[in-house]
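# Fold and contact review
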Number of protein chains: 6
Amino acid sequence: MSDLVTFGETMVRLSPPGQERLERASELEFRAAGAESNVAVNAGRLGLDTTWISKLPDSALGRKVTATVEAQGAEADVVWSDEGRQGTYYLEQASTPRPTNVIYDRANATVTTATPEELPTKRITAADAFYTSGITPALSDTLEETTADLLELAQDADTTTVFDVNYRSKLWEPSEARPVLESLFPDIDVLVTAVRDARTVLGLNGDAERVARDLAAEWGFETVVVTRGEEGALAWHAGDVIEQPVFEADTHDAVGTGDAFVGGFLARYLQGESVPVALEYAAAVAALKRTIPGDTALVTPDEVEGVLDRSDDGIAR
Amino acid sequence: MSDLVTFGETMVRLSPPGQERLERASELEFRAAGAESNVAVNAGRLGLDTTWISKLPDSALGRKVTATVEAQGAEADVVWSDEGRQGTYYLEQASTPRPTNVIYDRANATVTTATPEELPTKRITAADAFYTSGITPALSDTLEETTADLLELAQDADTTTVFDVNYRSKLWEPSEARPVLESLFPDIDVLVTAVRDARTVLGLNGDAERVARDLAAEWGFETVVVTRGEEGALAWHAGDVIEQPVFEADTHDAVGTGDAFVGGFLARYLQGESVPVALEYAAAVAALKRTIPGDTALVTPDEVEGVLDRSDDGIAR
Amino acid sequence: MSDLVTFGETMVRLSPPGQERLERASELEFRAAGAESNVAVNAGRLGLDTTWISKLPDSALGRKVTATVEAQGAEADVVWSDEGRQGTYYLEQASTPRPTNVIYDRANATVTTATPEELPTKRITAADAFYTSGITPALSDTLEETTADLLELAQDADTTTVFDVNYRSKLWEPSEARPVLESLFPDIDVLVTAVRDARTVLGLNGDAERVARDLAAEWGFETVVVTRGEEGALAWHAGDVIEQPVFEADTHDAVGTGDAFVGGFLARYLQGESVPVALEYAAAVAALKRTIPGDTALVTPDEVEGVLDRSDDGIAR
Amino acid sequence: MSDLVTFGETMVRLSPPGQERLERASELEFRAAGAESNVAVNAGRLGLDTTWISKLPDSALGRKVTATVEAQGAEADVVWSDEGRQGTYYLEQASTPRPTNVIYDRANATVTTATPEELPTKRITAADAFYTSGITPALSDTLEETTADLLELAQDADTTTVFDVNYRSKLWEPSEARPVLESLFPDIDVLVTAVRDARTVLGLNGDAERVARDLAAEWGFETVVVTRGEEGALAWHAGDVIEQPVFEADTHDAVGTGDAFVGGFLARYLQGESVPVALEYAAAVAALKRTIPGDTALVTPDEVEGVLDRSDDGIAR
Amino acid sequence: MSDLVTFGETMVRLSPPGQERLERASELEFRAAGAESNVAVNAGRLGLDTTWISKLPDSALGRKVTATVEAQGAEADVVWSDEGRQGTYYLEQASTPRPTNVIYDRANATVTTATPEELPTKRITAADAFYTSGITPALSDTLEETTADLLELAQDADTTTVFDVNYRSKLWEPSEARPVLESLFPDIDVLVTAVRDARTVLGLNGDAERVARDLAAEWGFETVVVTRGEEGALAWHAGDVIEQPVFEADTHDAVGTGDAFVGGFLARYLQGESVPVALEYAAAVAALKRTIPGDTALVTPDEVEGVLDRSDDGIAR
Amino acid sequence: MSDLVTFGETMVRLSPPGQERLERASELEFRAAGAESNVAVNAGRLGLDTTWISKLPDSALGRKVTATVEAQGAEADVVWSDEGRQGTYYLEQASTPRPTNVIYDRANATVTTATPEELPTKRITAADAFYTSGITPALSDTLEETTADLLELAQDADTTTVFDVNYRSKLWEPSEARPVLESLFPDIDVLVTAVRDARTVLGLNGDAERVARDLAAEWGFETVVVTRGEEGALAWHAGDVIEQPVFEADTHDAVGTGDAFVGGFLARYLQGESVPVALEYAAAVAALKRTIPGDTALVTPDEVEGVLDRSDDGIAR
């Protein structure tokens, strides 16, 4: 029985070394990453017992994905299949004024056919919490249904449901996304959203606090976390709104910062810590993530404490 | 105006360094390759003016493909498109008893929607020769039609048509392949086939000479080339059958040996050399290919002459 | 509950790329390996549910070790400690007439202080089988005792005990090793030994069959497996001796061949297959291992079947 | 027929990875670059049909050069020769206070013997524009003459001539450079110069605007572009002086920024856009270049538009 | 006869490329470094004739160490031994808020058993100066004695003794370090200390000047150098205190900055330059070091002059 | 005072990894090598005190050369100069039927201007032996004279002179080489030549023994060593001819095998061992060399003994 189960797509990640252009690279770094396995890894390293469930092609590429997840500290419980393909994304890191660029190559991924019947749903109903994100229902009609079913199933089992809006403009339009997401909200306990997504996709107005209060009021969430990039995050919980600034970070790889935040938040929130404590922990994990290549916050609890204490400085020797 | 135009899919090729397993690799070599661009490159380096035509996604991955082809010495004239994806294959090199393994990830590639209307077909009708392979019609219904149309169009323009059966069991069954291939044969002047494919797919019996003679008799080809792996190749032409053994090679990367053979053959055959001369040249190019990483025979005419002369030995200094 | 639990040291493995000399290398490949985790990985990939137990330093180096084991398909259940250091070995691959060289740097490794009290011994008593090797008692006096205790504990719980003599001349002298090993034999069900070790360390004479029969007669083992390098292996079981030649292999990395053999053997033997079937399977896994960099046989059951069928040939595409 | 033809030396570029010192590096990045092929590539990617002409040794090194140019999107039309050698430069990237260092090893390069008679000068006379730089006449007496001849030939054919002063203190003294450069000015339509070179080499005084006006007045150029590093550029055209600040950039590799500026400028200027439009475009291309390893601005028109719109931000996904 | 002899431990240094985490790295950069060989190298490159003496295991790892020292410009005169092991450290570079982390694996290093009897002490007595650091006596009881003996021996031979406090909290506690260090002070001519170490370990109070004056007063040093990180350094000499700010540097690898400072200082101080001149030179060398990967200041005198002149700017070509 | 001093050119060596073609490589291995420094390194590692003298450009490239030589175990005593350039060669490793290819880029190397006046000739006159090869006089007229002068100087000082014919067809014609080499022979004590060079360049006939006897007879050498590639070597000494077969080797990098042979031979011959002993030792060193990347035999005396004993087998652990 896990503390946290997550469900979603994990892709192969291919990226040129340094800032080389994809078009000219002669070798690519080969990793695997996805919002839901990232959260499982991040929370799993920080004290929770976590499992990521999914559906993968029965191939060396699928095995690359599970090997990566398990090497980092989460359990992977996947359905192996001969249908579909391994979702892939190409990541080209850059610096101002060149934007970091992502090419998704995830159509027809094996996971897009995953149904509750074949997934290890007992993992979910036996868990304390279940997490997925707005990427999952965007991937296929089947996954839209599966996402709804899994959230409902979790709710029925009193498993806390956590959902990150995670809007991806390369997957769907705001007008497509909004009704799907809103149909899921009644089964969600903890909602995480970027303030930008709340505006673009959910049609909300006002500042982050306004957004958090409106979401809480309209949908009755237990907790709403709103992230604002460099301006920090805030959370609405039981009528209160708590602000959390970012910890300063010298960014090496920004991809996965949001998942680091969520993983850190849940590592505390699900262990009964207060929302302010969980938010601050989340911000520290997110700051550490930015210094680490790859999509996950490959850190230890001691390292997070070091950031919170601001005790680490320079070279430890 | 080119001496040789080729049409087909060129994929991104991703392979672990050395003999590392794909599942455990942390970086992949990043190349691009496909039978038809390989032949264009190979022949283009050995004296012909060659152009590869195709359809590619308008992305860094598509640009990787054209950059690779043009860097190696053929021209690339492609239609850029926003539909479809970049075909990809993963190659895991191995040694006895582990087979070198290929994972194709080429479904829904942009090229699968290519029609004669959008392709630069004037390139074909103005060329001396046109080459494609049995991979192309296997990729989609559209490409099955396009292949037929392009061969017919070439024939009508008195462009010599060259076709390599190149059967890929991961793409279609022999029973699917045979009628499609046979429907193309009337428009083909020069047929290349592995003796194994002739048996498995085309239902022919007997040794390679029998196969060559039967193919020539049934379909009226100008020339039939039959390859037999380590046992060398032979060609039927104007009633004669010419045998050509392989040149000894210490194999470093066997992928693309067949395309090297065809490229070398055409580099001579299309310049009016006799079939025995072209066959021997082809065998020399194929042997050189086996020493070179990647799918193409990145060689010079001088190097081929060195093999033919058996004049090169040890270290040249 | 696992099918197979193994206990022993897993070291960090540092090796220059290709055949570069350690003295001149500017980068080292960074892996982790040890006989007992190798066996857990190898058997775990081929159908058994396996767990490796050990004691590691609570550091990034210790985490490298568990990440490596878990990424490859076995579970790692380790005691984390602040005492001792991470055992390390440097491996310099070479070719004739230069021997592949190993520099062990494993003194005072954390594992050398492991006692039954702190290890998860319930894993062992609940398992079908327990495996360790002659390396373990050679590492420290504490481990000599621990090895004896764990084997006895397993025996008492009706867990099948499997032991590979695995003599390491850099760790102890034959005269030291013999009494220690012989004191363990009464608690061992399945003994594996190289014929060379049986002669040098255990003082046995005659050919491999003689050695197997003598060991069985003297110690009452259920099964004795004797390996002879290029000459293949044989096993004594229930009075019969079965011979198994090696499968031809083009060796890329020979380290870990013995552990691949044992992993393959146990994957069949512990599932109730006959000894000849298990031996042939073991030989196929060992041959595959030799083509793979690193200490483990990172293969799939299908690939082993391919070797047994001799069905794989050349490039699969 | 090309829109732009460039002529000059392209060298092999060898550089240690990261900031490693050349003296200690054990591997070098292997690229090819030169001001004139850089400009051909940069402009060729941004809408012009460009050709770089030169003379190269008939060797793998010479082929490395043409492969690099053609892979990046310009055509290379070179004279192959057995005389001379491949020019080379070693580049050691550094950061404050260590200067990025260049070691030229370009004496006796094959190109230093290039004469108009052997070069494909019809390319120049048929083109809209011809570009070379002050590096070319500095390389040899022959090239001093050839540069003069090619510019005259271009002028006679109504091909717009573009010239970048590009003073290299490792090639010649200001006192040598000035008369040579000034002898070329009468045949130049568009002059580009760093304000520093204008002072050091051409003996001009005052600020950049003064320099531009003085150059225009004295030599009757159609357009004069003066660059000032971090302070941006300006251009004199038809009596007006237009200022263009730099776009902010997080510099990864500063080499080739000037050529990116010129390539971007010409991509617009030669297509009839106004000077302010061309200058702004040039500044955007130069800013992008600074984020890209290697000497060229390996970008797309869309990416330049993104900078101009300031629309790209963070990670595109 | 050398100008400067140094004695101490040099370790193998293993570090992941870029900012990758050690736990996930698949290859490590392989260097060798230690305070005393760093100083020998740094001073040796800047005009002194320097020799590093030590004791190493007679293995490829030991040879890696001497090869590294000699390649960089100091002589290595070591005692080879079969006892002990090669000291090692793992270095994980990071950025804010993640601290650069060092894992020492140096227990039982061969050097820890080095005695004056076996070391080439004639090198010391014949030299102008002898340098060691507070790391050396911290490594073993034997080395505590050896350090004292060597300093005394040097003093007796009128060799100037230089000592850097170099406190390492991973090796010993302040309360252990203080009496040991203070017992050495009477035999030391030039003392270098970080102001932080002076406070933490030596129990001094006040600002850096106070610390320098107090040390000079209490122990009668010829010269005291106190470093303050980003705030620069100062030196007490003959009653005067000289301040030296840092030169601005864009840090690439901060490890070894202190040794670069000392090496630069001694390169001038031991050649009879004044303390202010030596301090400024030291600061320039330290700034250069921060731009260079590895522990040493792999620079030339010309490059140091460039920093002092502030004459180098941008790209030299 | 050294046992052996060598003089000649050492070049930078640039080679693609594995068997990649130079034309397509994106990185090159960066080493330094030359016959005479190779011999100094090889003999220096096997018991002699050796010094290589030469003239190098005062640049990072020149420092790369001395760093490489000194890291490997010979002393480098070079004249630094601002004239000339660093000699370079590109090496493309290949396998049958593709020849390993060398592109020399050594014209106008700094060493080509070296004169006895500026070289540290006291090193030679104080040494037991002096070695250079037929490459040296082929590099320039100045070096032709310098070679003659150094050999004469050595002879006058009773320093044993050793000379390897080392004919390089890319440097000169046999008809040019013969008179130059023969003019040096009167000052040579020990001549080494490939039998092929003896025939092609020196015009000798017959088998290797005939060649050795004829050379000894005509020029009065103390010892003549004739190498025959795979057929082994033989030596004429004091009227006797001793044959030495090769030791079997699995070749990884054949470049430098001849220098390994000479280095091994001199390591024994100059220490007074008999010619048969020295020849066998030479053959063992040459076999080891073939397993090692780079031009030198980076081995230890123990490893050579292992080959002579045929005692090393498989993996040492």
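Criteria and cut-off values
Residues numbered from 1 in each chain as written. Chains lettered and ligands numbered in written order. Predicted model: local features only at pLDDT ≥ 70, side-chain atom pairs only at ≥ 80, totals over all residues. Heavy atoms only, no water. Helix = DSSP H or I, 4+ residues; strand = E, 2+ residues; numbered from the N terminus. Rg over C-alpha atoms; globule rule 2.2 N^0.38 Å. Buried < 20%, exposed > 50% of the residue type's maximum accessible area, 1.4 Å probe, protein only. Contact = heavy atoms within 4.5 Å. Areas by Shrake-Rupley, 256 points an atom, 1.4 Å probe, with all protein chains shown as cover. Lys, Arg positive; Asp, Glu negative; His and termini not counted. Charge placed at Lys NZ, Arg CZ, Asp CG, Glu CD. Buried area = accessible area lost by both parts, 1.4 Å probe. Salt bridge = Lys/Arg side-chain N within 4 Å of Asp/Glu carboxyl O. Polar contact = N/O pair within 3.5 Å; in protein donor to acceptor, adjacent residues only side chain to side chain. Axes fitted to C-alpha atoms, helices over the stretch in contact; angles between N-to-C directions. Left-handed = near helix turned anticlockwise from the far one by under 90°. Nonpolar A, V, L, I, M, F, W, Y, C, P; charged D, E, K, R; others polar. Phe/Tyr/Trp six-rings, centres within 6.5 Å; stacked < 30°, edge-to-face > 60°. Patch = residues over 30% accessible without salt bridge, like charges linked within 9 Å, V, L, I, M, F, W, Y side chains within 5 Å. Least-squares fit on C-alpha atoms with pLDDT ≥ 70 in both. Pairing = 2+ DSSP bridges.

## Thoughts on the overall build of chain A
Along its length, chain A carries eleven helices and 14 strands. Taking 2.2 N^0.38 as the reference for a compact globule, 317 residues should give roughly 20 Å; the C-alpha atoms of chain A span a radius of gyration of 18 Å, in line with that estimate. By principal-axis analysis of the C-alpha atoms, chain A measures approximately 50 × 50 × 40 Å. Looking at chain A residue by residue over its 317 residues, the buried ones come to 64%. Long-range contacts, defined here as pairs at least 24 residues apart, represent 69% of the contacts in chain A between residues at least 6 apart. Summed over all atoms, the accessible surface of chain A reaches about 10600 Å², with 42% contributed by carbon and sulfur. Distance between charge centroids for chain A: 7 Å, based on 26 positive and 55 negative side chains.

## Things to note about the interface of chain B and chain A
Contacts between the two partners involve 22 residues from chain B, matched on the other side by 22 residues from chain A. Summed over both sides, the interface of chain B with chain A buries roughly 2000 Å², with 57% coming from carbon and sulfur. When residues of chain B are sorted by the area they lose upon contact with chain A, Glu23, Phe30 and Leu61 of chain B head the list and together hold 27% of the total. Remark: the boundary between chain B and chain A carries four salt bridges. Scanning the region where chain B abuts chain A turns up nine residue pairs in polar contact (both at pLDDT 80 or more).

## A short note on the packing of helix H9 (residues 257-269) of chain E against helix H10 (residues 275-289) of chain E
How two helices pack is summed up by the angle between their axes together with the distance between the axes. Residues and elements named next belong to chain E. Two elements in contact, H9 and H10, have axes whose closest approach is 7 Å; the angle formed by their N-to-C orientations is 145°. At the point where H9 passes H10, the crossing takes the right-handed sense. Every residue of H10 that contacts H9 at Thr257, Ala260, Phe261, Gly264, Phe265, Ala267, Arg268 and Tyr269 is listed here: Val275, Val277, Ala278, Leu279, Tyr281, Ala282, Ala283, Val285, Ala286 and Lys289. For the contact of H9 with H10, a count of residues per class yields 14 nonpolar, two polar and two charged.

## As for the packing of aromatic side chains
Tallied over the full model, the rule gives 24 aromatic pairs over all chains. Aromatic side chains Phe185 of chain A and Phe221 of chain A sit 5.3 Å apart centroid to centroid with 75° between the ring planes, which places their arrangement in the edge-to-face category. On the criterion of sequence distance, the pair formed by Phe185 of chain A in the loop between helix H6 (174-184) and strand S10 (190-194) and Phe221 of chain A in the loop between helix H8 (208-219) and strand S11 (223-227) is long-range, its members being 36 residues apart. Taking the relative accessible area as the measure of exposure, Phe185 of chain A reaches 0% and is therefore buried. Ring centres of Phe265 of chain E and Tyr269 of chain E lie 5.0 Å apart, and the angle between their planes is 20°; this geometry places the pair in the stacked category. Taken together, the residues Phe265 of chain E and Tyr269 of chain E, both in helix H9 and four residues apart, mark about one turn of the helix. For Tyr269 of chain E, a relative accessible area of 10% translates into the label buried. Following the ring pairs from residue to residue traces out a cluster consisting of Phe185, Trp219 and Phe221 of chain A.

## Observations concerning a negative patch on the surface
Residue and element names in this part refer to chain A. A contiguous patch of negative charge, built from Glu117, Asp141, Glu144, Glu145, Asp149, Glu152, Asp156 and Asp158, is present on the exposed surface. Looking at the secondary structure, you find Glu152 in helix H5 (residues 141-156). With a relative accessible area of 41%, Glu152 lands in the partly exposed category.

## Re the relation of the copies chain B and chain C
By a simple turn and slide, chain B fits onto chain C: the slide is 0.0 Å along the axis, the RMSD is 0.0 Å, and the turn is 120°. Such a turn and shift between the copies fits a three-fold axis. Relative to the rotation axis, the closest C-alpha in chain B is found at Gly18 of chain B, a distance of 5.2 Å.

## Digging into the sheet that holds strand S10 (residues 190-194) of chain E
Residue and element names in this part refer to chain E. Pairing within the open sheet is mixed, and its nine strands lie in the order S5-S4-S1-S8-S9-S10-S11-S12-S13. The sheet terminates laterally at strand S5 (75-81) and strand S13 (240-244), the two strands that pair on one side only. Averaged over all adjacent pairs, the angle separating strand axes in this sheet is 15°, with direction ignored. Sheet analysis places strand S11 (residues 223-227) next to strand S12 (residues 233-237), joined by five bridges and oriented antiparallel. Directly across from Val226, in S12, lies its bridge partner Leu234.

## Notes on helix H11 (residues 301-309) of chain C
By the burial criterion, the buried members of H11 of chain C are Glu303, Val304, Gly306, Val307 and Leu308 of chain C. Those residues of H11 of chain C that are buried lie in contact with helix H10 (275-289) of chain C.

## Focus: the relation of the copies chain B and chain A
For the pair of chain copies, the relating transformation is a rotation about an axis with a translation along it. When chain B is fitted onto chain A, the two copies agree to an RMSD of 0.0 Å after a turn of 180° and an axial shift of 0.0 Å. Here the two chains are linked by the operation of a two-fold rotation axis. No C-alpha of chain B lies nearer the rotation axis than that of Leu28 of chain B, which sits 2.6 Å from it.

## Some thoughts on the pairing of strand S2 (residues 11-15) of chain D
All names here are of chain D. Most of S2 sits inside the fold, with five of its five residues counted as buried. In the sheet, S2 pairs with strand S3 (residues 27-33) via five bridges, with the strands oriented antiparallel. Following the sheet pairing, Arg13 is matched in S3 by Arg31. As defined by bridge partners, S2 adjoins strand S6 (residues 88-92) across three bridges and the pair is classed as parallel. Paired with Leu14 across the bridge in S6 is Tyr90.

## Regarding the environment of Glu230 of chain D
If you trace the backbone, Glu230 of chain D turns up in the loop between strand S11 (223-227) and strand S12 (233-237). Given a relative accessible area of 61%, Glu230 of chain D falls into the exposed group.

## Remarks on the sheet that holds strand S4 (residues 50-57) of chain B
Residues and elements named next belong to chain B. With mixed pairing, nine strands are arranged side by side in an open sheet as S5-S4-S1-S8-S9-S10-S11-S12-S13. Bordering the open sheet on either side are strand S5 (75-81) and strand S13 (240-244), each of which pairs with just one other strand. Averaged over all neighbouring strand pairs, the angle between strand axes comes to 15°, with direction disregarded. As judged from the seven bridges shared by S4 and S5, these two strands associate in the parallel manner. Its bridge partner being in S5, Ser54 is matched across the sheet by Val78.

## With respect to the interface of chain B and chain C
Taken together, the 19 residues of chain B in the interface contact 24 residues of chain C. Both faces considered, chain B and chain C share a buried interface measuring about 1900 Å² in area, 52% of it formed by carbon and sulfur atoms. Among the residues of chain B in contact with chain C, Arg21, Arg24 and Pro97 of chain B are the three that bury the most area, contributing 31% of the side total. Here chain B is connected to chain C by three salt bridges. The partner of Arg21 of chain B in a salt bridge is Glu303 of chain C, with the nearest N and O atoms 2.6 Å apart. At the surface where chain B touches chain C, the tally comes to eleven residue pairs in polar contact (both at pLDDT 80 or more). Residues belonging to the side of chain B that touches chain C are distributed by class as follows: six nonpolar, six polar and seven charged.

## With respect to the side chain of Arg45 of chain A
Within the element layout of this structure, Arg45 of chain A appears in helix H1 (residues 35-45). Separated by 2.8 Å, the side chain of Arg45 of chain A and the backbone oxygen of Val299 of chain A make a polar contact. Contacts of Arg45 of chain A, omitting those with residues within four sequence positions, involve Gln72, Ala297, Leu298, Val299 and Pro301 of chain A, Arg63 of chain C together with Glu23 of chain E.

## A look at the pairing of strand S11 (residues 223-227) of chain B
All names here are of chain B. With four of five residues buried, S11 lies mostly within the body of the structure. When strand S10 (residues 190-194) meets S11, the two strands line up parallel, connected through five bridges. In the sheet register, Ala194 faces S11, and the bridge partner there is Thr227. Taking the residues that link successive antiparallel strands as the turn, the S11-strand S12 (residues 233-237) hairpin has five residues, and the phi of Gly229 there is positive, at about 60°.

## A short note on the pattern of salt bridges
Any two side chains of opposite charge can pair, on the condition that their charged atoms come close. Evaluation of the coordinates by the stated rule reveals 126 salt bridges over all chains. In this structure, Arg106 of chain A and Glu9 of chain A form a salt bridge, with 3.0 Å as the shortest nitrogen-oxygen distance. In this pair, Arg106 of chain A sits in the loop between strand S7 (100-105) and helix H3 (121-125) while Glu9 of chain A sits in the loop between strand S1 (4-7) and strand S2 (11-15), placing the two residues 97 residues apart along the sequence. A single burial state applies to Arg106 of chain A and to Glu9 of chain A, both of which are buried. For Glu29 of chain D, the salt bridge identified is with Arg31 of chain D, shortest N-O distance 3.6 Å. Taken together, the shared-partner salt bridges in this structure form one network comprising Glu20 and Arg24 of chain A together with Glu29 and Arg31 of chain D.

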